[in-house]
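Notes for the structure review
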Amino acid sequence: MSDFLKLCDLRPGESAVVHTVADPAHPLADRLRDLGLTAGSAVTCTMQSPLGDPCAYLIRGAVIALRRRDAGIVSVRTGVRG
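In this report, we go over the structure that sits alongside the text. (Residues numbered from 1 in each chain as written. Predicted model: local features only at pLDDT ≥ 70, side-chain atom pairs only at ≥ 80, totals over all residues. Heavy atoms only, no water.)

What follows deals with the overall build of the protein chain. When you go through the protein chain residue by residue, the secondary structure sums to two helices and six strands. Taken from the N to the C terminus, the helices and strands of the protein chain come in the order β-β-α-β-β-β-α-β. In summary, the protein chain has a C-alpha radius of gyration of 11 Å against a globular reference of 12 Å for 82 residues, a match within 12%. Overall size of the protein chain, expressed as C-alpha extent along the three principal axes, is 30 × 30 × 20 Å. Per-residue burial for the protein chain yields a buried fraction of 37% across its 82 residues. Long-range contacts, defined as pairs at least 24 residues apart, comprise 62% of the intrachain contacts of the protein chain with a sequence gap of at least 6. The distance from the centre of the 10 positive side-chain charges to the centre of the 8 negative ones in the protein chain is 3 Å. (Helix = DSSP H or I, 4+ residues; strand = E, 2+ residues; numbered from the N terminus. Rg over C-alpha atoms; globule rule 2.2 N^0.38 Å. Buried < 20%, exposed > 50% of the residue type's maximum accessible area, 1.4 Å probe, protein only. Contact = heavy atoms within 4.5 Å. Lys, Arg positive; Asp, Glu negative; His and termini not counted. Charge placed at Lys NZ, Arg CZ, Asp CG, Glu CD.)

Moving on to the pattern of salt bridges. For the coordinates displayed, the defined rule picks out three salt bridges. R67 is the salt-bridge partner of D70, the closest N and O atoms lying 4.0 Å from each other. The class for D70 is buried, based on a relative accessible area of 6%. (Salt bridge = Lys/Arg side-chain N within 4 Å of Asp/Glu carboxyl O.)

What follows deals with the nonpolar core. Ranked by internal contacts, the top residues of the largest apolar core, which has 20 residues, are L7, L37, V43, Y57, L66, V74 and V76. Looking at this core, the elements with two or more residues in it are β2 (15-21), α1 (29-34), β3 (42-48), β4 (55-59), β5 (62-66) and β6 (74-78). Apart from the residues within four sequence positions on either side, Y57 is in contact with L7, C8, V43, T44, C45, T46, A62, V63, I64, L66 and A71. (Core = buried A, V, L, I, M, F, W, Y, C linked by side-chain atoms within 4.5 Å.)

On the basis of which strands lie adjacent, the open sheet formed by six strands has the order β1-β6-β2-β3-β4-β5 and antiparallel pairing. Strands at the two margins of the open sheet, each flanked by one partner only, are β1 (3-6) and β5. Adjacent strand axes in the sheet meet at a mean angle of 40°, parallel and antiparallel pairs treated alike. Bridge count for β2 against β6 is four bridges, and the pairing is antiparallel. Pairing of V17 across the sheet is with R77, part of β6. (Pairing = 2+ DSSP bridges. Axes fitted to C-alpha atoms, helices over the stretch in contact; angles between N-to-C directions.)

For the bond from D53 to P54, the omega torsion is 10°, close enough to zero to count as cis. Tracing the backbone through its elements, the reader meets P54 in the loop between β3 and β4. A positive phi angle is found at R60, which is not glycine, with a value near 50°. Relative to the elements of secondary structure, R60 occurs in the loop between β4 and β5.

Note that all results are geometric; they support no functional claim without further evidence.
Pasting the structure below:
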């Protein structure tokens with residue numbers, strides 16, 4: 001069974017699969033897709049700053065830091081089994 005959440009809801013060490021970039025009008029939507037946040041891509045939250053914003057995510061072999069508000073437009077599935 002899979003659950004849907006926002007990328008910003010992942011905690012360090014948790015992994016998920018990207019479902020969609022939910023707000024195509026967001027100023028960073030295209031850039032996020034260019035960075036590899038496309039449907040079916042695995043993503044792992046690797047660390048969180050002491051105040052909780054931003055967080056670092058491992059996506060397709062690269063680590064990127066995203067603010068909570070920007071990661072909030074990415075819908076992910078947890079509990080997906082291959």
